[in-house]
Structure formats: C-alpha cells, structure tokens
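One-letter residues, chain by chain:
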Amino acid sequence: MEYKVSIPDRDYWKRQIRCQDACPVHTDARGYVRAIAAGRFAEAYLIARGPNPFASICGRICGAPCEAACRRGDIPRIDDAGNFVGPDLPIAIRALKRFACEQAGPEARPSETVLDDVCRWIPSVCADAEEMAALLRATVSGSVPKADGQAVAIIGAGPAGLSAAHDLALMGFKPVVFESEPVPAGMLALGVPAYRLPRDLIAREVEVIRALGVEIHCGVTVGRDVSFTALRHDFAAVIIAVGAKSSRALGMPGEAGPRVYGGVDLLRAASLGESIDIGRDVVVVGGGNVAYDVARTVIRQIAYDTARTAARLPSTGTVHLVSLETLEEMPADTIEIREGDEEGIRRLNGWGPVEIVRNGAGAVTGVTFRQCVRVYDDQRRFSPVFDDAVRRTVPCDTVLLAVGQAPKLEFLATGGADVEQMRPGWPKVDPTTLATTAPGVFVAGDLAHGTRLLIDAVASGKKAARSVYHHLTGRTITAEALIAHLPLPLYHRERGYESIARLRVATIEPEERLAHPDVVVERGYDPHEAVCEASRCLDCGVLPVFDGNRCVLCGGCADVCPTQCLKLVPFSDVARDDELDALVRSAWGDDDDHAANSAILKDDERCIRCALCADRCPVDAITMERTTFAALWRCA
Ligand SMILES: Cc1cc2nc3c(=O)[nH]c(=O)nc-3n(C[C@H](O)[C@H](O)[C@H](O)COP(=O)(O)OP(=O)(O)OC[C@H]3O[C@@H](n4cnc5c(N)ncnc54)[C@H](O)[C@@H]3O)c2cc1C
Ligand code: SF4
Ligand code: SF4
C-alpha cells in the first residue's frame, strides 16, 4: 500500500482552524471560544468584535458558517467510559459569541467604553487577517496612511453599508450614510423579527459605529429626496448597499389583488408597527429562513389578536407553511423548523403553488398546489419536477410569498446610466474590487453577491471600503498574514473534554412565545454553561509536531492515540513526488539510503489535540505547537 502525504504550507495551517477559515471576515472563533473556556470573558468579546462591527447581532442570528465547518462536528462522540456513541455535534459557536457579547459588548456597557476598549486592544494570539486592532495599529504607525477626510456617500444603512462606513471612518474618510427607512440596520431591523433579535441591541451596536464619526441620515431615499447625480457630484465616491428589498412574485393566477403580500413587506410592517390587513387563515409559500420568520411572526400576531378578543372570535386561526422541498431538503435551519413546529405552524412539504383561488367578490379562499416530485437535478441544480395530476387546495384568506427578493435600483435613472447591469436590477460588479462600470461607484452586500448571510454583507462592506481607499488615494491596502509556530511545553486539556455533549441552548415555552410576541425565544448560556460548552472546543490551532531525529520508533504514540490518526509505516510505503523528494534531501542529504527508514503519518482532520501522544513519548520527540497568524496591513 502507498500512502499519499501532503507537506503543510501556510494555507494548510489556516485550513486547520476550520471555524475561522469558514468565516467570511475570518473571526478567530477558536480564540474567543478558548478565552471563554478559560473564564476570560472580556477578552473573548474583543476577539469576536475585532473584525466584525456586528458581533453582538451575529451572536444572536448569524447563519454561523463557522459552526457548520467546526471539526468537533466531524469526530466520533464518545461517552465517559470511552465508548463510541455516534457522531458528535459542533461547538455552539454562535451561542458562545452571544454570551461573550453579553458580558462585555454594547449590551453590557456604554458605546463609548466599548469603542475605547476595542480601539485600544492589541490581541496577544490572534489568527486574524482583518481585525480592527491591526488596522488601527497600521494607521497609527503610518504603514497605512490615513486618507484626507474625503466624504464618501453610502446608500443604505444595512450591515453592508454600515460595515463599509465603519472601516472608512477608521481609514480616515468621512462616511455619510443615506437610509430611506426611519431606522438603520436594513433587514436586521426590518426583516429579522424581534423575537430573534431585540431592537435595543441593534440600536446599541449601531451607536458604536456612529461613535466613530459615521453620519447616518434616516428617512432619506436616494432617487426621491436626493438624486444619485447629486451624490456623485458632492462626494468623492459612492457605495451602493441597498440590499434586495422587494419580495419576488410568482406570476400565478390570482396573485394580483388584496391579501396577497410579499413576506418581507409583512415583516417590515410588523417591525415598524404599521398595520397590514391579515386574515385568520394564512398560507406562507416558501421553505427558507425568511418563510419561517414570516410564518412565526404571523402566528404570533394571530395568537395575540385572539387573546385580546377571545370572546368574539370563533376559532384561533391557522398558519400553513408550504414548501417545494421535502423536510430534509428544506433550506431553513433545523432550529427554525423545530421551533416553528412547536409554535403550531402546519408544515406541508413537497408542494408547488399553481393558483391563488378567489371567490366572486375577489377575496382569497385558498391556494392550489401540485405535488413536487423532485426539486434538484443530479447536479444539485434547482430544477423542480411536478406531478400535475396530484393537486390539493389549502383553504385560507391571506397568502404571503417568501420565495426570494430582488433589488430596487430606480434611482439609477438619474445619473446612473453608466452603472451597467448584468441583468435587470443587478449591477455588473468586479468581484475583486466590488467596483461597478461607473468610475467611483462601488456596491456591497446583497446587491453585490445576491441574498446571503449577514456576515457576508459585513465582509463585502469591508471589501468595498478598501477599494474606495485604493480609488481615492491611489494606494493598495493589503493584509499580509504572518505565521508563527509556538511550542507549548505545558499544554494540557480539560479532563474529559472529549466526552462532554453539546449543551442545548434553552428556549422559552411555545405558549409564552405566542403570548408575548417580541420576547426573545433563545435564553442564552449562563457563565457555567458557557465555560462547559467552550471547553468542548478542540483548539484546532494546536497540533502535535514530531521530531524525527529524536524518535526511537517505539510506536507508543500510535498506540495511545484515541482516534487512531497516527500510523508508523516504512518510508518505502510513502508515495514520492518532487516536493517530498526535495524535503527528504534537505533533511537527510542526497546520498542516504532511505529503504530502512520509517515515517509517522498523521491525519490532522481526525486529531482531537488531546496531547496524549506527546505525554506518552519517552524521548520528548513530540511537542504540541500552536500555529498563529498576525495581520500586517501594508500600503503599496
Ligand atoms: C427576513 C430576513 C431574515 C434574515 N435572517 C438572517 C439571519 O438570521 N442570519 C443571517 O445571517 N442573515 C439573515 N438574513 C440576511 C441578512 O439580513 C442580509 O444578508 C443582510 O441584511 C444584507 O445586508 P445589506 O446591507 O446588503 O442589505 P439590507 O440589510 O437589505 O440593507 C439595505 C438598506 O438599504 C436601504 N435602501 C434601499 N434603497 C434605498 C434608497 N434608494 N435610498 C436609501 N436607502 C435605501 C434599505 O432601506 C435597507 O435599509 C435575513 C434576511 C431577511 C430578509
Ligand atoms: S473545535 Fe474549536 S477550534 Fe476547532 S473548528 Fe470547532 S470551534 Fe474551531
Ligand atoms: S494529539 Fe496525538 S494522541 Fe491526541 S488525537 Fe492528536 S495525534 Fe492522537
């Protein structure tokens, strides 16, 4: 048998810290999770806040790509007796971030104090190419000279626009944000329901961004109150971050007329306290997270109305959520589906809408669906196939469509003719710089990459800010990641960390949720729970490193390794290539005969960083080492 080996390079070490690698702004999740495990809660907050001006909001609602990538979710779970009891679950990274933010973020302290701490903090061990402290250090030391205070207009105060404004302020610009709605934060304030994200928390997080000197003008619609031409004339550059605010329609019979609404329009009305005419039996079409936000908001509204007028209402009302996908294929998060089920949402899977049925008076009486027999083709492309013969009509008096959103770019009609669109509503964008075809005009957020997660919008806002810096100063700003390997001679793990089961985040009871529509469903961890959950983290930046010159080939490390990720093999069994040959020559010289040599193969994906191999080694040939990265911002 031949073993294929790879020689680690910098990308390899970065990929080891999977949570951080998966985060669009490269948050050092490992760093703050381990800080929580050690009881250093304020430091955990500062690590989480480093690259992300929306850390507290992310702690509540982030789609958490870090958690999906977490190595702990891929290793076998063992009980206290060492028995395999099934696959393990990832670290609850998002809930831990919430905990850290509740300890030391704007939830807990005035915005000026938070900002002060964030600005002054210098991370000790930080694998982070985009953190704020590094950028601040660079501007202070002059390696990234500050801009001359040119004013930059940003259209839209969603997470993309505000993240761009945040970084532009740090780089020495004067960012001015124009927002059509009465409140800032975009879909976070107008889409995500209050039972997931409290409104005062949004206000506090935005306050920290304002404190940097960012101007936010709410209630100003570009295209109505100020023209795009005027912005281009009065500002040195413009970033368009208007998101995708319009609900997509399906164009089916019966769709036009009363009591058929876009899902995000309903959520916006509910968030702003505007009244919208909803009946008592509602069908929500869609199977994603937005559909669940819509359905769960409506079921709260109906329950609340029923409670207020119980004596006069004959029934309590129903909310059906109808999705094309099967339960397993639904794009909504499992937790949304579970909590929706608990709250009484009637879920119908595998049905596609055909027609909204109306009576002679034009009132909605139901939605007719046909069976969907397949949603995706063999290449996992969306390509639904229906059985027209199998139909059902779900009675209702209101229909809410949550089947996607699109941007509104009417304001480009005045002064934006040179912003080319690749298809109507979506500007042509350079993916590296986020520049449009119009000089000095950039885009960010959902408008740049299509609807994704909040943290993608944050990453894209930061990227647009760097491009504006380049455009206006002629200098390119790049973060060079420096790598260091630190031996950890005293390294050890918490006893039994490998057998601790993931702690479920407690939620309030479904009855309480319906009785108090704005009360936050998730309770969050207390300090004891947070430390316990955080101590499950494998600390993936740490790995055993072997010194072949000391090894006596006893095989003790392979014997003791609980995940069997070590193997002692004859060197002749290792597949050779030019890279390996060069390494061997540099270590052993040209003339050595390697036939009798051995090799230790290590599968870092399965390693749980327990250090048992290092403890067992009789000749100290194994050292646990931490790989760390630091950012050095440079201008060229
Ligand atoms: C209902 C819903 C729930 C979501 N839940 C989650 C979640 O739980 N987790 C997650 O990670 N992501 C979630 N997302 C996705 C996330 O909210 C978006 O990806 C993110 O908000 C996009 O940011 P953005 O800044 O590009 O756009 P937006 O947040 O849409 O902000 C754009 C802003 O521009 C303003 N604007 C538009 N036109 C003009 C104009 N002409 N003049 C002035 N201002 C204008 C808008 O009013 C808006 O405030 C959700 C999205 C929705 C719709
Ligand atoms: S185990 Fe810890 S360090 Fe490893 S990916 Fe998960 S959170 Fe990150
Ligand atoms: S640290 Fe050593 S013993 Fe522990 S899992 Fe990794 S290789 Fe095996």
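Structure shown above.
Predicted model, so just to flag it, every value in this text is computed and none were measured.

## Details of the sheet that holds strand E4 (residues 174–179)
Link 1 in the chain: Spatially, E5-E4-E3-E6-E19 is the arrangement adopted by the five strands of the open sheet, whose pairing is parallel. Only two strands of the sheet have a single neighbouring strand rather than two, namely strand E5 (215–218) and strand E19 (441–443). Pairwise comparison of adjacent strand axes, ignoring direction, gives a mean angle of 20° for this sheet.
Link 2 in the chain: Bridge count between strand E3 (residues 151–155) and E4: five bridges; the pairing is parallel. Counterpart to Ile155 in the pairing with E4 is Phe178.
Link 3 in the chain: In this fold helix H18 (residues 454–473) packs onto E3, strand E6 (237–240) and E19, with an angle of close to 160° to the strand it touches most, E6.

## Brief notes about the site of ligand 3
Link 1 in the chain: Close to ligand 3 lie Pro544, Cys561, Pro562, Thr563, Cys565, Leu566, Cys607, Ile608, Arg609, Cys610, Ala611 and Cys613, which account for all nearby residues.
Link 2 in the chain: A per-class count over the shell around ligand 3 returns ten nonpolar, one polar and one charged.

## What to know about the sheet that holds strand E11 (residues 346–349)
Link 1 in the chain: Here five strands make up an open sheet; going across it, the order is E8-E15-E9-E10-E11 and the pairing parallel. Looking at strand neighbours, the two that pair on one side only are strand E8 (260–262) and E11, the edges of this open sheet. Adjacent strand axes in the sheet meet at a mean angle of 20° when their direction is disregarded.
Link 2 in the chain: Of the strand pairs in this sheet, strand E9 (residues 281–285) and strand E10 (residues 318–323) are connected by five bridges, and their pairing is parallel. For Val283, the partnering residue across the bridge sits in E10 and is His320.

## Some remarks on helix H12 (residues 199–210)
Link 1 in the chain: Helix length check: H12, at twelve residues, gives a terminal C-alpha distance of 17 Å against a target of 16 Å (1.5 Å per residue), a fit within 8%.
Link 2 in the chain: Within H12, burial applies to Leu201, Ile202, Glu205, Val206, Val208 and Ile209. Taken end-on, H12 shows its buried residues confined to a sector of 150°, consistent with a single buried face.
Link 3 in the chain: Looking at the packing, one finds that the buried side of H12 touches helix H4 (41–49), helix H5 (55–61), helix H8 (111–120), helix H10 (159–170), helix H11 (187–190) and E5.

## Looking at the side chain of Thr27
Link 1 in the chain: In this structure, Thr27 sits in the loop between helix H2 (18–22) and helix H3 (29–37).
Link 2 in the chain: In this structure Thr27 comes out as buried when scored by relative accessible area, which is 3%.

## Quick notes on the environment of Ala611
Link 1 in the chain: Relative to the elements of secondary structure, Ala611 occurs in the loop between strand E23 (598–602) and helix H23 (612–616).
Link 2 in the chain: For Ala611, a relative accessible area of 3% corresponds to the buried category.
Link 3 in the chain: Separated by 120 residues in the primary sequence, Ala611 and Tyr491 have C-alpha atoms spaced 7.5 Å apart.
Link 4 in the chain: If near-sequence neighbours (up to four positions away) are discounted, Ala611 is found in contact with Tyr491 and Met624.

## Quick look at a negative patch on the surface
Link 1 in the chain: On the surface, Asp9, Asp11, Asp21, Asp578 and Glu579 cluster together into a patch of negative charge.
Link 2 in the chain: Mapped onto the elements, Asp21 comes out in helix H2.

## Looking at the pattern of salt bridges
Link 1 in the chain: By the definition in use, this model includes 45 salt bridges.
Link 2 in the chain: Its salt-bridge partner being Arg296, residue Glu343 comes within 2.7 Å of it at the nearest N-O pair. Of this pair, Glu343 sits in helix H16 (residues 334–343) while Arg296 sits in helix H15 (residues 289–308), and the two are 47 residues apart along the sequence.
Link 3 in the chain: For Glu343, a relative accessible area of 4% translates into the label buried.
Link 4 in the chain: Each of Arg196, Asp293, Arg296, Arg300, Glu336, Arg338, Glu339, Glu342, Glu343 and Arg513 takes part in one network of salt bridges that share partners.

## Considering the site of ligand 2
Link 1 in the chain: Taken together, Cys19, Arg30, Cys70, Arg71, Ile91, Ile93, Cys537, Leu538 and Cys540 are the residues near ligand 2.
Link 2 in the chain: Along the lines of polarity and charge, the residues of the shell around ligand 2 split into seven nonpolar, no polar and two charged.

## Observations concerning the state of the cysteines
Link 1 in the chain: Under the defined criterion, the tally for this structure stands at zero disulfides.
Link 2 in the chain: The thiol sulfur of Cys396 is not disulfide-bonded, and the nearest other cysteine sulfur, from Cys372, lies at 20 Å.
Link 3 in the chain: According to the relative accessible area criterion, Cys396 is buried, its value standing at 7%.
Link 4 in the chain: With no disulfide partner, Cys557 has as its closest neighbouring cysteine sulfur the one in Cys554, 6.3 Å distant.

## Observations regarding the environment of Glu343
Link 1 in the chain: When the C-alpha atoms of Glu343 and Arg585 are compared, they prove to be 66 Å apart, with 242 residues separating the residues in sequence.
Link 2 in the chain: Apart from residues lying up to four places away in sequence, Glu343 is in contact with Arg296, Ile299, Arg300, Arg513, Leu514 and Val521.
Link 3 in the chain: At 2.8 Å, the side chain of Glu343 forms a polar contact with the side chain of Arg300.

## Observations regarding the packing of aromatic side chains
Link 1 in the chain: Considering all chains together, one arrives at six aromatic pairs under this definition.
Link 2 in the chain: Just above the ring of Tyr376 sits the side chain of Arg380; from NZ or CZ to the centre is 4.2 Å.
Link 3 in the chain: The ring of Trp351 has Arg392 sitting right over it, with the charged end atom 5.3 Å from the ring centre.

## Observations concerning H18
Link 1 in the chain: The first and last C-alpha atoms of H18 sit 29 Å apart over 20 residues, in line with the 28 Å expected at 1.5 Å per residue.
Link 2 in the chain: Burial runs high along H18: 14 of the 20 residues are buried.
Link 3 in the chain: Just past H18, the residue Gly474 takes up positive phi, approximately 80°.

## Considering the packing of H4 against helix H7 (residues 93–104)
Link 1 in the chain: In contact at an axis separation of 8 Å, H4 and H7 are set at 110° when each is read in the N-to-C sense. Considered as vectors, H4 and H7 are oriented roughly perpendicular to each other. In this structure, H4 meets H7 at a crossing whose hand is left-handed. For the pair H4 and H7, the contacting residues are Phe41, Ala42, Ala44, Tyr45 and Ala48 in the first and Lys97, Phe99, Ala100, Cys101, Gln103 and Ala104 in the second.
Link 2 in the chain: In the contact of H4 with H7, the residues fall into nine nonpolar, one polar and one charged.

## Let's talk about the pairing of strand E13 (residues 364–376)
Link 1 in the chain: Examined bridge by bridge, strand E12 (residues 351–358) and E13 share seven bridges and lie antiparallel to one another. Residue pairing in the sheet places Trp351 in a bridge with Gln371 of E13.
Link 2 in the chain: In textbook terms, the turn of a hairpin is the stretch between consecutive antiparallel strands, and for E12 and E13 this stretch comprises five residues, one of which, Gly362, has a positive phi near 90°.
Link 3 in the chain: Both E13 and strand E14 (residues 382–395) contribute to a ladder of nine bridges, which runs antiparallel. Residue Arg370 lies in a different strand from E14, and its bridge partner there is Arg391.
Link 4 in the chain: Counted along the chain from E13 to the antiparallel partner E14, the turn is five residues long, and its residue Arg380 has a positive phi close to 65°.

Calculation rules
Residues numbered from 1 in each chain as written. Chains lettered and ligands numbered in written order. Predicted model: local features only at pLDDT ≥ 70, side-chain atom pairs only at ≥ 80, totals over all residues. Heavy atoms only, no water. Pairing = 2+ DSSP bridges. Helix = DSSP H or I, 4+ residues; strand = E, 2+ residues; numbered from the N terminus. Axes fitted to C-alpha atoms, helices over the stretch in contact; angles between N-to-C directions. Contact = heavy atoms within 4.5 Å. Near = heavy atom within 4 Å. Nonpolar A, V, L, I, M, F, W, Y, C, P; charged D, E, K, R; others polar. Expected span 1.5 Å × (residues − 1). Buried < 20%, exposed > 50% of the residue type's maximum accessible area, 1.4 Å probe, protein only. Arc of directions from axis to C-beta. Patch = residues over 30% accessible without salt bridge, like charges linked within 9 Å, V, L, I, M, F, W, Y side chains within 5 Å. Areas by Shrake-Rupley, 256 points an atom, 1.4 Å probe, with all protein chains shown as cover. Salt bridge = Lys/Arg side-chain N within 4 Å of Asp/Glu carboxyl O. Lys, Arg positive; Asp, Glu negative; His and termini not counted. Charge placed at Lys NZ, Arg CZ, Asp CG, Glu CD. Disulfide = S-S within 2.5 Å. Polar contact = N/O pair within 3.5 Å; in protein donor to acceptor, adjacent residues only side chain to side chain. Phe/Tyr/Trp six-rings, centres within 6.5 Å; stacked < 30°, edge-to-face > 60°. Lys NZ or Arg CZ within 6 Å of the ring centre and 35° of its normal. Parallel < 35°, antiparallel > 145°, perpendicular 65-115°, else oblique. Left-handed = near helix turned anticlockwise from the far one by under 90°.

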